[in-house]
Amino acid sequence: MYKYRNFLYNITMEVSDIFNILHNAVESKYMGKKISQSAMAKKLGVSMRTYQDWRLGNSRPGAVMAVFTMLSELDDDESAFVLNKIKKLIKKDGYAKSDS
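Anyway, here's the lowdown on the structure attached to this text. Within any chain, residue numbers begin from 1 and follow the written order of that chain's sequence. Note on the predicted model: pLDDT of at least 70 is required for a residue's local features to be given, and 80 or more for side-chain atom pairs to be given and counted; whole-chain, interface and lining totals, by contrast, use all residues. Water and hydrogen atoms were dropped before computing side-chain values, which therefore reflect all heavy atoms in the structure.

Let's talk about the nonpolar core
Phase 1 of the analysis: Counting 11 residues, the largest nonpolar core consists of Val15, Ile18, Phe19, Ile35, Met40, Ala41, Tyr51, Trp54, Val64, Phe68 and Leu71.
Phase 2 of the analysis: Secondary structure elements with two or more residues in this core: α2 (15–29), α3 (37–44), α4 (48–56) and α5 (62–72).
Phase 3 of the analysis: Leu71 has contacts with Ser79, Val82 and Leu83, leaving out every residue within four places of it along the chain. Remark: nonpolar core denotes a set of buried residues (Ala, Val, Leu, Ile, Met, Phe, Trp, Tyr, Cys) joined through side-chain atoms within 4.5 Å. Exposure categories follow from relative accessible area, calculated using a 1.4 Å probe and restricted to protein chains: below 20% of the type maximum is buried, above 50% is exposed, and the middle band is partly exposed. Put simply, DSSP marks the helices as runs of H or I at least four residues long and the strands as runs of E at least two long, and each gets a number from the N terminus on. Any two residues whose heavy atoms approach within 4.5 Å are treated as being in contact.

Some remarks on the packing of α3 against α4
Phase 1 of the analysis: Structural elements are reduced to axes, namely lines fitted to C-alpha atoms, with helices fitted over the stretch in contact, and the angle between N-to-C directions of any two is expressed from 0 to 180 degrees. Two numbers describe how α3 lies on α4: the axes approach to 8 Å, and their chain directions differ by 105°. The orientation of α3 relative to α4 falls into the category roughly perpendicular. In contact with Gln37, Ser38, Met40, Ala41 and Leu44 of α3, α4 contributes Met48, Tyr51, Gln52, Trp54 and Arg55.
Phase 2 of the analysis: Among the residues forming the contact of α3 with α4, the class breakdown is six nonpolar, three polar and one charged. Throughout this description, any angle smaller than 35 degrees is read as roughly parallel, any larger than 145 degrees as roughly antiparallel, any in the 65 to 115 degree range as roughly perpendicular, and the remainder as oblique. As a working rule, the residues Ala, Val, Leu, Ile, Met, Phe, Trp, Tyr, Cys and Pro are called nonpolar, Asp, Glu, Lys and Arg charged, and the rest polar, with Gly in that last group.

What to know about the pattern of salt bridges
Phase 1 of the analysis: Salt bridges are counted wherever a side-chain nitrogen of Lys or Arg sits within 4 Å of a carboxyl oxygen of Asp or Glu. Following the criterion strictly, the structure yields two salt bridges and no others.
Phase 2 of the analysis: The residue Lys34 makes a salt bridge to Glu27 at a minimum N-O spacing of 3.9 Å.
Phase 3 of the analysis: Taking the relative accessible area as the measure of exposure, Glu27 reaches 8% and is therefore buried.
Phase 4 of the analysis: The partner of Asp53 in a salt bridge is Arg49, and the shortest N-O contact between them spans 3.6 Å. Of this pair, Asp53 and Arg49 both sit in helix α4, four residues apart, which is roughly one turn of that helix.
Phase 5 of the analysis: On the accessibility criterion, Asp53 (16% relative accessible area) is buried.

Structural data, given as structure tokens:
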């Protein structure tokens, strides 16, 4: 239940780690098909250079760590509920570009 929360508190996680974990998770969603940084940047509505900087840790969007810190305060079920709610808003309002 608190595994994720303890994970975040016990290590120093960099924003670049979060982007790399998420990039790999999206790739695994597509059965391991590699997704280029350019394609991912396009989905996010940012330049490839910006996305590369995030993944390399050269630039850190400040809100990212705040969001993940807030999510780490929730139980697994609560986090899943919040993420599903955000996902619905993104799809409804078109914040992210999607192939689906």
